[in-house]
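Observations on the model geometry
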Amino acid sequence: MGNTDTKLNFRKAIVQLTSKSQPIDASDDVFWEQFWIEHSTPVQDVFALIPSNEIRKVRDVMPANLATLCYKATERLVRAVDNSCRTQGEQQTVLNCIRLLNRILPYIFEDAQWKDFFWSSLPSGNEKDDNATPLAQSLLNAICDLLFCPDFTVVGFRKAGPEKAEELNSIDSCEYIWEAGVGFAQSPPRNGNMDSRRTELLKLLLTCFSETMYRVPTMSDEPNKWIVHFTSAENRHALPLFTSLLNTVCAYDPVGMGVPYNHLLFTDTLEPLVEVCLQILIVTLDHDITSNSPTQSASYSHDETTIADNLFINYLSRIHRDDDFQFILKGVTRLLNNPLVQSYLPNSTKRLHCHQELLVFFWKICDYNKKFLYFVLKSSDVLDILVPILYHLNDSRADQSRVGLMHIGVFILLLLSGERNFGVRLNKPYTATVPMDIPVFTGTHADLLITVFHKIIATGHQRLQPLFDCLLTILVNVSPYLKTLSMVASIKLLHLLEAFSTPWFLYSAPSNHHLVFFLLEIFNNIIQYQFDGNSNLVYTIIRKRQVFHALANLPTDAAGIARCISNRKGGKLNNSSHGSREGVRNQPNNEVLPSTTNAGNESEDEITIRTGQLSVDDKQPSDEEDSRSEIVEESMEGSRPAQPAEPGTLKATLLDTPDIAQMTESESAHPSADAATPSPVEPSAKTPMGEASSKGSPSKVQLSPIKRSVAQRGSIRVSPGAGHGSQTKVWQPASEWVQSWRSKLPLQTIMRLLQVLVPQVEKICIDKGLTDESEILKFLQHGTLVGLLPVPHPILIRKYQANSGTTAWFRTYMWGVIYLRNVDPAIWYDTEVKLFEIQRV
C-alpha cells in the first residue's frame, strides 16, 4: 500500500505542474521535494508516470515550472555531493533526481527554443555575479563526482568512525578507478548495487550528450557543449573516468567461470554497465572538436595539436605499452566472439548484443592510435577480429534493418586491408568452428573472406549495392599476398567476373565497369606475385577463359551496344551480342578440360541461386553440364541461412555511403618504389577504380541516377536510384565512353597466361585422356611463367583515408544504434529526433 501511495503522490505532483494557472514558486520546497524525497520509484515507473504529452504540455504552457524542476533537481544533486552522499536517504534522493532528469531532458533538447537553457546560470542571490556556473556544468560536475562516491558507486577505503568522513569534492578519484587494466593494477571488489548505480548515472550522462540527436545531419558536427566540458581539463575526473570506462569494458568476461546457464540463475549487473560504458566511450571519442573547423576538416590528422582539446581522445592516442594493447585487444575479441561460441547445451552460454558498439569502438581505437593498429596486425590476433566481422556480415546480409552493421564491418576491413600484414595473416589456415551459411571448404582465412564477400554480393539485398566497390577494394588490397586460394574461392571470384562483365550490366550504368577493373586487378596481382601456390585459380581462369576473350571483344559500336541492352530487355542475351564469344565456344578444343568439382562450364548473364550454389545462366546447359552444375554445396555445421528482419523491426536511417574514391588513397606497397610509374594496363593511382570515364565522356558516377543493386534472390539487376521518381533520366552509354575504358582493361597478363598455358594443358588432356583435374593441377603447381609474363606492375594499396563523409556517417550510425539499444527504459522513444529517422521494416 505504501508503494501505491508513493506513486499516487508522485503522479499528483506531476499533474500539478501542468494544471496550475500560475507558475509554482521556486521557494516552495515542500512542493518540489515531493519529486525526489521519501519514495523509491523505479526508473520504469518514472517513465510510465510522466507521459510524453504532459512533459511537452509543461514545456509549452508552463515553461517556468519545467525550468524550476530542472534547476531544483540539479541543485539537489549538487547538495548531495556537498554532503558526500553518505546516508541511504540521500542516495535514494540522488537516484530519484537522476531518473526524473533522464525522462525530461530529451523533450527539452527537441525544442530549439530551449537550446541555451542548460547553459544559462543557476539563479543566485547575487544578481551581479556574472561568473555563475551554467546549469549544465553543475549537472555534469555533480554526476562525475557521484561516479566516484565512496559507499555509493565505489567501495570506500576509510574505516568506520569519525575519521571516515571524506569530502567528495576533494577526493582523489584515481584511487577509485572501477577496474584493473590500463593504468591501474588493483581490482576492486565487485558490488552489484554499485554497478546498477553507476549504470543509472552513466545513462543520464548519455542522455545529456544526446543533444546531437536533435540536430539535422548537416549541423551534427557542431561542438556538443556537454561533451566538450566532460572531456576537457575542467572535468577533474576525466582521466579516472576514461580509465574506468575502458577497463570495465575490456575486463568483462560474460562467461565467467563457464558454469552452464549461470546467466539464467544470477542477475548480471555488469552487462548493462559494460554496454553504457561502451556507448559513453564511442560518443565522447567521436567528438573531435578541432576537426570541425574548416581549416582542419580536410586533413583529419590526429596529431597532438588536433586532439589536445578532447582528453579522452588524447588519453587513447597515448596508450603505448604492449601489455595495455594486449589487454584491450583481448577484451574486444572476447566480447566480439561471444555470439559465435558454440556449446553442446543449447542456450547455455550468455549472449551479448553490443557487437555494433564494439565495432565502432575498435574503429575509434585504430583511428586515433596507429600503434594499436600495428600491434593488432603484427600477429594472428587480427583474425580474431576478422572472423566475428565476417560472421556478422554473412548473418546480416538479408536483413535491411542491419545495413549499418554491414557498412561498419566492411569499413573496418577496408581499414585493415590497407596494411600489408593483414594480407599476410590471411594465409593462416581456417578451421570451420563458426556456424556460417557458406560452403564447406578446406583453406585459409582468405578463402573465408572471398566466400563471404561472394555471398553478400550474390544473396544480399539491394541496399548493399554501394558496398560492392568497398568489398572488391579490400580483395584488391590483399590479393598480392594470397599464397594458396582454394578451388571454392577461385570459382567464386570467376563467378563474380562472369556476372559483372556481362555486356548488359557493363552498359547499364556509368560506373559498373569499375567492378571489372577491380576483379582483373585481383587476378593480375595473384598471377604476378603468387603464381606458384595458386594453381586452383589458374586452372579456373583457364576453364573460364571465354569470359576474358568476351571482355576483350566487347562491342563498342552503337549498334552492338543497343543490341546488348535490347537483348537483355528481351530476357536472354544472344551469343552474337558477345562479339567473338561464339567463336571461342566453337573452338575444337574448348571443352577438352575436365570439370571442376563445384561448377560446370556455364556462361554469364544473371547470377542465380540454384541448389545453394551460385551459377550463371546464359544458354541452356547440356545434360552433362547440368549434372555438373547441380552439385549441392554443403554448408557448415550449425549454420542457418540469413533471415530477413522480423516484421515491425525498427531501423534508423543512415547517410549515403561516401564514394570509394573519397574513402581511399592509393599508395605504393613498397615505399622505395614510389617513383615507379604504374603499368599502362593498371588504373592510375589517383583514380583507384580505373576512372576512364573522365576523358571522352560527359558522364560522371555521381551524376548517374542509375545504381547497381542486388535483388533478394540473388540476381544482379539495374534499378533506378531511390527518390528520383518519374524524372529519372535513363543512362545511355555512348560508343566513345565504352572505347575510353575498354582500351584500358588490364587484360595483358591474363591473355599471356592463357596463350602459354592453354595449349600445354589441352595437349596433356588429349595425350593422357584425362577426365580428372588433379593431374592438371599438379602440372600447374610445378609450372612457371618466369620471363613469359609482362613486367610485374607495382603493387598499389588503397588505404582508407579519413574524410568528412565517413565521419558524418559514423555519427549517424552510432546514435541510431544507441537510440535502438536503449529500450529499458526507452529514453528517446516518441521524441522528435532530427539526426535520423526511425522506420519500421
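Residues numbered from 1 in each chain as written. Predicted model: local features only at pLDDT ≥ 70, side-chain atom pairs only at ≥ 80, totals over all residues. Heavy atoms only, no water.

Focus on the pattern of salt bridges
Pairing between side chains of opposite charge can happen when their charged atoms approach one another. Put simply, the test is: When a carboxyl oxygen of Asp or Glu is within 4 Å of a side-chain nitrogen of Lys or Arg, the pair counts as a salt bridge. Relative accessible area decides the class of each residue, using a 1.4 Å probe on protein chains only: under 20% of the type maximum gives buried, over 50% gives exposed, and in between gives partly exposed. Starting at the N terminus, helices and strands are each numbered in turn, a helix being any DSSP run of H or I of at least four residues and a strand any DSSP run of E of at least two.
Using the criterion set out here, one finds 30 salt bridges in the structure. The residue Asp60 makes a salt bridge to Arg59 at a minimum N-O spacing of 3.0 Å. By relative accessible area, Asp60 is classed as partly exposed at 48%. One salt bridge connects Lys799 with Glu419, and the closest N-O pair in it is separated by 3.0 Å. Residue Lys799 is found in strand β9 (residues 796-800), and its partner Glu419 is found in the loop between α19 (403-417) and α20 (420-425); the two are separated by 380 residues along the sequence. Here Lys799 matches Glu419 in class, with each residue buried.

Here's the deal with the side chain of Ser220
This is how the line gets drawn: The contact criterion used throughout is that any non-hydrogen atoms of two residues lie within 4.5 Å.
One can find Ser220 in the loop between α8 (192-209) and α9 (225-230). Given a relative accessible area of 5%, Ser220 falls into the buried group. If near-sequence neighbours (up to four positions away) are discounted, Ser220 is found in contact with Thr212, Arg215, Arg811 and Leu835.

Looking at the packing of aromatic side chains
Test applied: Two rings belonging to Phe, Tyr or Trp (six-membered ring only in the last case) form a pair when the distance between their centres is within 6.5 Å. Interplanar angles under 30 degrees mark stacking, angles over 60 mark edge-to-face geometry, and anything in between is tilted.
The final tally for this structure, using the stated rule, is 33 aromatic pairs. For the ring pair Phe362 and Phe372, a centre distance of 6.1 Å and an interplane angle of 70° mean the geometry is edge-to-face. Here the residue Phe362 occupies a position in helix α16 (residues 355-368), and Phe372 occupies one in helix α17 (residues 370-377), the gap between them amounting to ten residues. Here Phe362 matches Phe372 in class, with each residue buried.

With respect to the confidence of the model for the protein
Short version of the rule: One confidence number per residue, pLDDT, is output by the predictor and ranges from 0 to 100.
Averaged over the protein, the pLDDT score is 79; the fraction of residues at 70 or greater is 77%. In this model, residues 597-632 is a region of pLDDT below 50 whose contacts with residues beyond four sequence positions or in other chains number 105 contacts. Low pLDDT, under 50, characterises residues 672-728; the predicted model gives this stretch 128 contacts beyond four residues in sequence or across chains.

A look at the environment of Trp178
For Trp178, the location among the structural elements is in the loop between α7 (135-146) and α8. The buried category is assigned to Trp178, whose relative accessible area is 3%. Taking C-alpha positions, Trp178 is 6.9 Å from Thr248, a pair spaced 70 residues apart along the chain. Residues within four places of Trp178 in sequence aside, it is in contact with Leu147, Phe148, Val154, Pro188, Arg198, Leu202, Ser244, Leu245, Thr248, Leu273 and Cys277.

Describing the environment of Thr484
Looking at the element boundaries, Thr484 is found in the loop between α22 (468-478) and α23 (487-500). According to the relative accessible area criterion, Thr484 is partly exposed, its value standing at 41%. Distance from Thr484 to Gln530, taken between C-alpha atoms, is 8.1 Å for residues 46 residues apart in sequence. If we skip the residues at most four places from it in the chain, Thr484 touches Asn427, Thr444, Asp447, Gly533 and Asn534.

Section: the side chain of Thr74
The line we're drawing: We define a polar contact as two N or O atoms separated by no more than 3.5 Å, with the added condition that, inside protein, one atom must be a possible hydrogen donor and the other a possible acceptor, whereas residues neighbouring each other in sequence contribute only through side-chain atom pairs.
Mapped onto the secondary structure, Thr74 falls in helix α5 (residues 63-82). Residue Thr74 is classed as buried on the basis of its relative accessible area, which comes to 0%. One polar contact links the side chain of Thr74 to the main-chain carbonyl oxygen of Cys70, over a distance of 2.9 Å. Not counting residues up to four positions away in its chain, the partners in contact with Thr74 are Leu101, Leu135, Ser138 and Leu139.

Some thoughts on the packing of α7 against α8
Defined as follows: The convention used is that axes are lines fitted to C-alpha atoms, helices contributing only their stretch in contact, and that angles between N-to-C directions extend from 0 to 180 degrees. Roughly parallel means an angle under 35 degrees; roughly antiparallel, over 145; roughly perpendicular, 65 to 115; everything else is oblique. Should the near helix be turned anticlockwise from the far one by less than a right angle, the crossing is termed left-handed; should it be turned clockwise, right-handed. Any residue outside Ala, Val, Leu, Ile, Met, Phe, Trp, Tyr, Cys, Pro, Asp, Glu, Lys and Arg is labelled polar, Gly included; the first ten of those are nonpolar and the last four are charged.
Two numbers describe how α7 lies on α8: the axes approach to 10 Å, and their chain directions differ by 155°. Regarding the angle of α7 to α8, the classification is roughly antiparallel. The two elements α7 and α8 cross, and the hand of that crossing is left-handed. On α8, the residues touching Leu139, Leu140, Ile143 and Leu146 of α7 are Leu201, Leu204, Leu205, Cys208 and Phe209. The residue makeup of the contact of α7 with α8, split by class, is nine nonpolar, no polar and no charged.

Examining the packing of helix α10 (residues 238-251) against helix α12 (residues 270-285)
It is at 9 Å that the axes of α10 and α12 come closest, and there the two elements cross at 130°. Judged by the inter-axis angle, α10 sits oblique to α12. The handedness of the crossing between α10 and α12 is left-handed. Contacts between α10 and α12 involve Phe242, Leu245, Leu246, Thr248 and Val249 on the former and, on the latter, Leu273, Val274, Cys277, Leu278, Ile280 and Leu281. Split into classes, the residues belonging to the contact of α10 with α12 amount to ten nonpolar, one polar and no charged.

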